[in-house]
Structures are given as structure tokens and as C-alpha cells.
Amino acid sequence: MEREFRERNEMIDFEKRFPGMNILPPAELRRQSCEIDRHLSKFRKLAAGSIEWHEMQQELGMMASAGLGPKLRALFYETTLPKCGKDLYVYPGVTFYFPYNISIGDNVYLNKNVSITARDEVTIGNNVLIGPNVVINTGNHTFSDRDIPIVKQGHTSEKIVIGDDVWIAANAIILKGVNIGEGSVVAAGAVVNKDVPPYTVVGGVPAKIIKIRGE
Ligand SMILES: CC(C)(COP(=O)(O)OP(=O)(O)OC[C@H]1O[C@@H](n2cnc3c(N)ncnc32)[C@H](O)[C@@H]1OP(=O)(O)O)[C@@H](O)C(=O)NCCC(=O)NCCS
């Protein structure tokens, strides 16, 4: 009973987040509600990072950017990540690798085809916008030994932290060990390999400060 109540509340939250739900005919609302319930019970059985988890991520990632797709994707990550706040919006094609190392705050938007590879921890703050095709990768292939193929040399990795109120624009790449300060903006196409100070705008390859936000 308590579980049903909680699931119902989650449903109401979705309706608040996706106002279009209110104008759906009752039969469609009921269908969506059943689909959400059905998926939720599946999500609860999935271990983040398992084969089944990745299969589900891929299946949900192919659903459209309106209707049930965003709701189910948000619910999937909210249910299975170690930490995921409320009001997550996920477009199609978003892919997480090593999801058990990914934490997400409240009110986060992940645009289409965002890819996050979290061999080490990735922490995303509150009110964060991540644009289309952004790549966040905590790892590098090791390549110091010329006598061993790179593919066999393993990886090094370092955590990435993205502060509150950050906007990472389209096609940017965030490399290992980077800390993106609160309130900063990463311009389209930037390759960020060093920490970004709070409230700065960085751009270019490698990314440099191009302006201070609000000045
Ligand atoms: C970063 C950004 C927001 C800055 O916009 P802005 O505040 O209007 O800044 P300006 O256009 O005045 O540019 C300021 C300086 O940064 C440079 N710059 C702007 N965007 C840049 C980029 N993507 N890469 C490198 N340099 C950039 C400009 O050339 C300018 O340099 P200059 O003063 O030497 O001429 C914008 O350029 C951008 O990248 N937008 C991303 C759009 C996007 O990806 N949308 C998807 C939605 S999530």
C-alpha cells in the first residue's frame, strides 16, 4: 500500500514536470501509468552496470524525446544510480558507462547523445545543463610502453566534479581529473583538461577562460 502510494506520488511528480500529461485522454494516462509501474518494478531489480542494466539503458535511450521516453529514462536513473536527485531530464542516446560511479543532483538536463564514462567518480551538481554530444570521461588509455599495444596497457583514471549551476555546451569534452567550478560555462566544442574556476566562461582546445560570467 505504502509502495503504491509512493509510486502514485512519483507519477504525480512526472505530471508536474511534463504538463502535457494533464491533457492526455484518461485511457492514455492509465496506459502510461501502467507502463511506468511495469518499468519501475523492472528497474528495482537491476544492478547498475550489469548487462541487463546496459540493455535497459539502450532500450530506453531509443525512445523519443517526448512522451514516455523522458519519464522512463529519468525514473531508470533515479532508481538505479547511487545518487540521483529529482527533476532529471534525459534526451535519447544518453549513455553511462560504470554508472555505479555516477552521482547526479537535482534539476539536471542531459541532452542527446551525452556520454559519461566513469571509471572513477563523476559528480554532477544541481541545476546543471549538459548539451548534445558532450563527452565526460574520467579515463585515459595508458601508452607509455612502446613495446606493448596501447589496447593492452590498461587505463588511468581520475574523478570529475561538475559544480552547481554549470552549463556545458554542445560537443564539449571534459577530461579526467577536471573540476568545473560552480556557475561556470563551457563553450561549444571546448576540450577541458584543467580545472575551471567558478563563474568563468571557458572555450577552445584546450579550454581557456574567454570571459567572466556577468562582467
Ligand atoms: C560560450 C558562449 C555561450 C559564449 O557566448 P557569448 O557570451 O555571447 O560570448 P561571445 O560570442 O561574445 O564570445 C566571447 C569570446 O569568446 C569566444 N568564443 C565564443 N564561443 C566560443 C567557443 N565555442 N569556442 C571558443 N571561443 C569562443 C568569442 O570568439 C569571443 O572571443 P573574442 O572576444 O576574442 O572575439 C557561446 O559562444 C557558445 O559556445 N554557445 C553554445 C551554444 C550551444 O552549444 N548550444 C547548445 C545548447 S545546450
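You'll find the structure just up there.
Sequence order as written defines residue numbering, which begins from 1 separately in each chain. With pLDDT at 70 or above as the cut-off, local features in this predicted model cover only qualifying residues; side-chain atom pairs require 80 or more to be listed or tallied, and sums for whole chains, interfaces and linings still use all residues.

### A short note on the overall build of the protein
Point 1. Scanning the protein from terminus to terminus reveals four helices and 19 strands.
Point 2. A buried classification covers 27% of the 215 residues belonging to the protein.
Point 3. Considering only intrachain contacts with a sequence separation of at least 6, the fraction spanning at least 24 residues in the protein is 29%. Helix and strand labels come from DSSP, where a helix needs a run of H or I of at least four residues and a strand needs a run of E of at least two; each type is numbered from the N terminus. Exposure classification rests on a simple neighbour count of other C-beta atoms within 10 Å of a residue's own: a residue reaching 20 or more is buried, one at 12 or fewer is exposed, and one in between is partly exposed. C-beta atoms are placed from the backbone. Placing C-beta atoms from the backbone, we regard two residues as in contact once those atoms come within 7 Å.

### Details of the sheet that holds strand β14 (residues 173-174)
Point 1. For two strands to be treated as a pair, DSSP must find at least two bridges joining them. Ordered in space as β3-β6-β9-β14-β17, the five strands form an open sheet in which the pairing is parallel. This sheet does not close on itself; its edge strands, each paired only once, are β3 (95-97) and β17 (191-192).
Point 2. Note: strand β6 (residues 115-117) against strand β9 (residues 135-137), three bridges, orientation parallel. In the sheet register, Ile116 faces β9, and the bridge partner there is Ile136.

### Some words on the packing of helix α3 (residues 51-61) against helix α4 (residues 68-80)
Point 1. Only the contacting stretch of a helix is used when fitting its axis, a line to C-alpha atoms as for every element, and angles between N-to-C directions run 0 to 180 degrees. One way to put it is that α3 packs onto α4 with a least axis distance of 10 Å and a crossing angle of 155°. It follows from the interaxial angle that α3 and α4 lie roughly antiparallel. At the point where α3 passes α4, the crossing takes the left-handed sense. Between α3, through Trp53, Met56 and Leu60, and α4, the contact on the second element is made entirely by Gly69, Leu72, Arg73, Phe76 and Thr80. Orientation categories follow fixed angle ranges, with anything under 35 degrees roughly parallel, anything over 145 roughly antiparallel, 65 to 115 roughly perpendicular, and all other angles oblique. The handedness criterion is simple: a crossing whose near helix is rotated anticlockwise from the far helix by less than a right angle is left-handed, and one whose near helix is rotated clockwise is right-handed.

### Let's talk about the site of the ligand
Point 1. The C-beta atom of each residue is placed using the backbone, and any residue whose C-beta lies within 6 Å of a molecule or strand is treated as near it. What surrounds the ligand is a group of 15 residues, the closest being Gly131, Ala169, Ala170, Ala187 and Gly203.
Point 2. Breaking the shell around the ligand down by element, the ones donating at least two residues are β18 (200-203) and β19 (208-212).
Point 3. Classes in brief: Ala, Val, Leu, Ile, Met, Phe, Trp, Tyr, Cys and Pro nonpolar; Asp, Glu, Lys and Arg charged; the others, Gly included, polar. Of the residues belonging to the shell around the ligand, the class tally is nine nonpolar, five polar and one charged.

### Notes on the pairing of β18
Point 1. Note that strand β16 (residues 185-186) and β18 share two bridges and pair parallel. Within the sheet, the bridge partner assigned to Val185 lies in β18 and is Val201.
Point 2. In this structure, β18 lies alongside β19, joined through four bridges in antiparallel fashion. What sits directly across from Val201, in β19, is Lys211.
Point 3. Here β18 folds back onto β19, and the loop between the two strands holds four residues, one of which, Gly204, carries a positive phi near 100°.

### Some words on the packing of helix α2 (residues 26-43) against α4
Point 1. One way to put it is that α2 packs onto α4 with a least axis distance of 10 Å and a crossing angle of 25°. Judged by the inter-axis angle, α2 sits roughly parallel to α4. Note on packing geometry: the crossing formed by α2 with α4 is right-handed. On α4, the residues that touch Gln32, Glu35, Ile36, His39, Leu40 and Phe43 of α2 are Leu68, Lys71, Leu72, Leu75, Phe76, Thr79 and Thr80.
Point 2. Considered class by class, the residues forming the contact of α2 with α4 number seven nonpolar, four polar and two charged.

### Concerning the nonpolar core
Point 1. Think of a nonpolar core as buried Ala, Val, Leu, Ile, Met, Phe, Trp, Tyr and Cys residues chained together by C-beta atoms that fall within 7 Å. Among the nonpolar cores identified, the biggest contains 41 residues, and Ala172, Ile174, Val186 and Val192 are the most heavily contacted of them.
Point 2. No other element matches the five residues that α4 contributes to this core.
Point 3. The residues contacting Val192, other than those within four sequence positions of it, are Ala172, Ile173, Ile174, Leu175, Val178, Val186, Val202 and Ala207.

### What to know about unusual backbone geometry
Point 1. Residues Val205 and Pro206 are joined by a peptide bond in cis, for which omega reads -10°.
Point 2. Position of Pro206 relative to the elements: it lies in the loop between β18 and β19.
Point 3. Positive phi values are uncommon outside glycine, yet Asn107 reaches one of about 60°.
Point 4. With respect to the helices, strands and loops of the structure, Asn107 is situated in the loop between β4 (102-104) and β5 (108-110).
Point 5. With 18 C-beta atoms counted inside 10 Å, the residue Asn107 sits in the partly exposed group.
Point 6. The backbone of Asp165 sits at a positive phi, close to 55°, despite the residue not being glycine.
Point 7. Among the secondary structure elements, Asp165 is positioned in the loop between β12 (160-162) and β13 (167-168).

### A closer look at the sheet that holds strand β7 (residues 122-124)
Point 1. Strand order in the open sheet made by the five strands is β1-β4-β7-β12-β15, with parallel pairing throughout. The open sheet has two edge strands with one neighbour each: β1 (83-84) and β15 (179-180).
Point 2. For β4 and β7, the ladder comprises three bridges, and the chain directions are parallel. Opposite Ile102, over in β7, you have Val122 as the bridge partner.

Geometry only, nothing functional implied.
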